[in-house]
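Topology and contacts: notes
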Amino acid sequence: MMNTFSRLFLPAVLFLFSATMILSCKNDADTSSMEKSVDEIFQEYDAIEKPGAAVAVVHNGEIVLKKGYGSAHLEYDIPVTTETIFHVASVSKQFTVFALLLLAEEGKLTLDDPIQKYIAEVPDFGEAITLRHLATHTSGMRDQWDLLNLAGWRWDDVITKEHVLKLVAKQKDLNFSPGEQYTYCNTGFTLLAEVVARVSGQSFAEFTQERMFTPLNMVNSQFYDDHQKIVRNRSYSYYPTEGGYQKSVLSYANVGATSLFTTVEDLSLWAMNFKEVKVGSAAIVNQMNTLAVLNDGETFGGAYGQFVGTYKGLRQIQHSGADAGYRSYLARFPDQDFAVSVVSNSGASNPVALALQVADLYLKNEFEEEPEATKEKPKPITLTENELQAFEGHYWDAKDLYSRKIQLTEGSLHYDRGNGNTTELAPISTNEFVMLDIPGEVKVTFVSENGKDRMIVSEGETILGALDEYTPLDEASIAMEPYLGSYTSEELSTTYTLVKKEGQLVATHPRVSDIPLRFLKMDVFDAGGNTIEMTRDKTNTITGLKVSTGRVKGLAFVKE
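For the structure given in this document, a descriptive report is provided here. Source: prediction; values computed, not measured. (Residues numbered from 1 in each chain as written. Predicted model: local features only at pLDDT ≥ 70, side-chain atom pairs only at ≥ 80, totals over all residues. Heavy atoms only, no water.)

In this section: the pairing of strand 27 (residues 515-521). Examined bridge by bridge, strand 26 (residues 504-508) and strand 27 share two bridges and lie antiparallel to one another. Across the sheet, residue Ala507 finds its bridge partner in strand 27, namely Ile515. Linkage of strand 26 to strand 27, two consecutive antiparallel strands, is achieved through a turn of six residues. When strand 27 meets strand 28 (residues 524-527), the two strands line up antiparallel, connected through four bridges. Bridge pairing links Leu517 to Ala527 in strand 28. (Pairing = 2+ DSSP bridges. Helix = DSSP H or I, 4+ residues; strand = E, 2+ residues; numbered from the N terminus.)

What follows is about the environment of Thr183. Tracing the chain through its elements places Thr183 in the loop between helix 5 (161-169) and helix 6 (187-200). Note on Thr183: relative accessible area 18%, which makes it buried. In this structure the C-alpha to C-alpha distance between Thr183 and Lys443, which are 260 residues apart in sequence, comes to 22 Å. (Buried < 20%, exposed > 50% of the residue type's maximum accessible area, 1.4 Å probe, protein only.)

With that settled, the discussion passes to the sheet that holds strand 24 (residues 485-489). Within the closed barrel, the eight strands sit side by side as 24-25-26-27-28-29-30-31. Their pairing is antiparallel. Geometrically, the sheet is characterised by an average inter-axis angle of 35° between neighbouring strands, direction not taken into account. (Axes fitted to C-alpha atoms, helices over the stretch in contact; angles between N-to-C directions.)

The strand order 5-11-7 describes an open sheet built from three strands, whose pairing is antiparallel. The outermost strands of the open sheet, each flanked by one partner alone, are strand 5 (86-87) and strand 7 (222-223). The sheet contact formed by strand 5 and strand 11 (residues 260-262) spans two bridges and is antiparallel. Across the sheet, the residue bridging to Phe86 is Thr262, located in strand 11.

In this section: the packing of helix 5 against helix 6. Where helix 5 meets helix 6, the closest approach of the two axes is 11 Å, and the angle between their N-to-C directions is 115°. Classified by the interaxial angle, the pair formed by helix 5 and helix 6 is roughly perpendicular. Handedness of the helix 5/helix 6 crossing: left-handed. Where helix 5 approaches helix 6, its residues Lys161, Val164, Leu165 and Val168 are matched on the opposing element by Thr187, Thr190, Leu191, Glu194 and Arg198. (Parallel < 35°, antiparallel > 145°, perpendicular 65-115°, else oblique. Left-handed = near helix turned anticlockwise from the far one by under 90°. Contact = heavy atoms within 4.5 Å.)

Pairing of side chains with opposite charge becomes possible as their charged atoms draw close. Tallied over the full model, the rule gives 24 salt bridges. A salt bridge links Lys67 to Glu35, with the nearest nitrogen and oxygen atoms 3.3 Å apart. A residue pair is termed long-range when its members are at least 10 positions apart, and Lys67 in strand 2 (residues 62-69) and Glu35 in helix 1 (residues 4-41) qualify at 32 residues. The exposure class assigned to Glu35 is partly exposed, which follows from its relative accessible area of 31%. (Salt bridge = Lys/Arg side-chain N within 4 Å of Asp/Glu carboxyl O.)

Time to look at the nonpolar core. What tends to happen in soluble globular proteins is that the nonpolar side chains get buried as a cluster. Grouped together as the largest cluster of nonpolar side chains are 96 residues, with contacts concentrated most on Phe95 and Met141. Among the elements that make up this core, the one with the highest residue count is helix 2 (residues 93-105) (eight residues). Not counting residues within four places of it along the chain, the set of residues in contact with Phe95 comprises Met212, Phe213, Met218, Phe223, Leu260, Leu267 and Trp270. Among the nonpolar cores identified, the runner-up in size contains 25 residues, and Tyr45, Leu65, Ala331 and Leu354 belong to it. (Core = buried A, V, L, I, M, F, W, Y, C linked by side-chain atoms within 4.5 Å.)

Rendered as structure tokens:
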């Protein structure tokens, strides 16, 4: 027989128990449904005979999802798990800045110190390059990867810190004055890692292990500074081929700009440290998240080892990475206490798109902007073939030294970057077009200014390029003999020889495949996507050439 207590309180207890069970079942169902939705996003990678991917989600201070898909090693059918270790390339950069700021907080350095205070090998370019410039891609220094590529290095060569430092020591010029503009530069982060090492008295790998990874329990993370070191549970990377896949070998032995080995679980622990600080301080986190400022007071979306922007109206702080066949992305939405990380060992993968699809699932009720599918976009119109033909032609960017071709193919205009890289253009007015099948909304506008036909490429309010129409030279009418000969760069310790092969001007090098040169303008050539501009003396004799890439401007070669 029930006592009074049982009669009064047992129904309430049973009600609460039932309610708890119902809520628990609902939460389990929600979690299961979410996991299935994430599985659908990654279904392309969910096969042991394919390179794979891993994903983890942090929400409200805990890891709410983590999964692996596909193969970490195709030769042995080793599956990807959430503990599989990936090289995450440029996602490494935020860790490098964080390490630097730990030392700054201890008073051992300041961001406004010149780099030569710690690394005397860096040349004096006549203008102060500070640690702040290096940490925000505003130093004007030439990019190490572009320099090594021009010097004839392969990506599967062993590239050490010493190689990079020796290359930096021989540089004579900057791309621009420090702080004047933003150009992504890996060199700066290799130098910052070396600053941390020299100031701390430890290797960069040792410092980050002791001061960052171990305190955060990131047990599967390390900066990989020895290409011969064995790392258990690591993945290897691949590129797709016509018949399957091929290895994409990476032999880096340099750190700072790259070479963080980690997992999505460890990246989640790292992301949570920005919300609930266990290592570092709130001041360091705030500095990391602060937009960098150029000399003119303008910002450009870059912070310290990260980029700050918005996604569907929400503030997003992120960085992606790509080396060999490895691809990675870490995005934090601090106001929603949400983070997502995606890593892959497939060179064909797109972790940015994958991660944002996952964010769409979890944050669908948080977005302040209309979803892209429902947002009203400019409506394409129809132009006649004659109207489209009026925009065909060759266009030249005199500032950044590159050309683009606009051509009419199968009834549509196409934006041709060379080497088969083209994008279809859809007309939205009589002189405005949008690029199809690329992220964002990039617009191409054709105008006439001061009697010249010009093509403006823009995204929102940002001008990406202003190119003037020009008439390409008739190569058959140009004598090639004056261009023939050997050209040497003291800064790269390398020589290219220009020869004539089957009527074509070709650049040869002992370590790289022949590079056909295509005339753009008189004394200006396209060389496999890079630009070569010849230099002449007062007698009009060719004395050398200058090479420009996306991240190197005007690198001089002297004709022998």
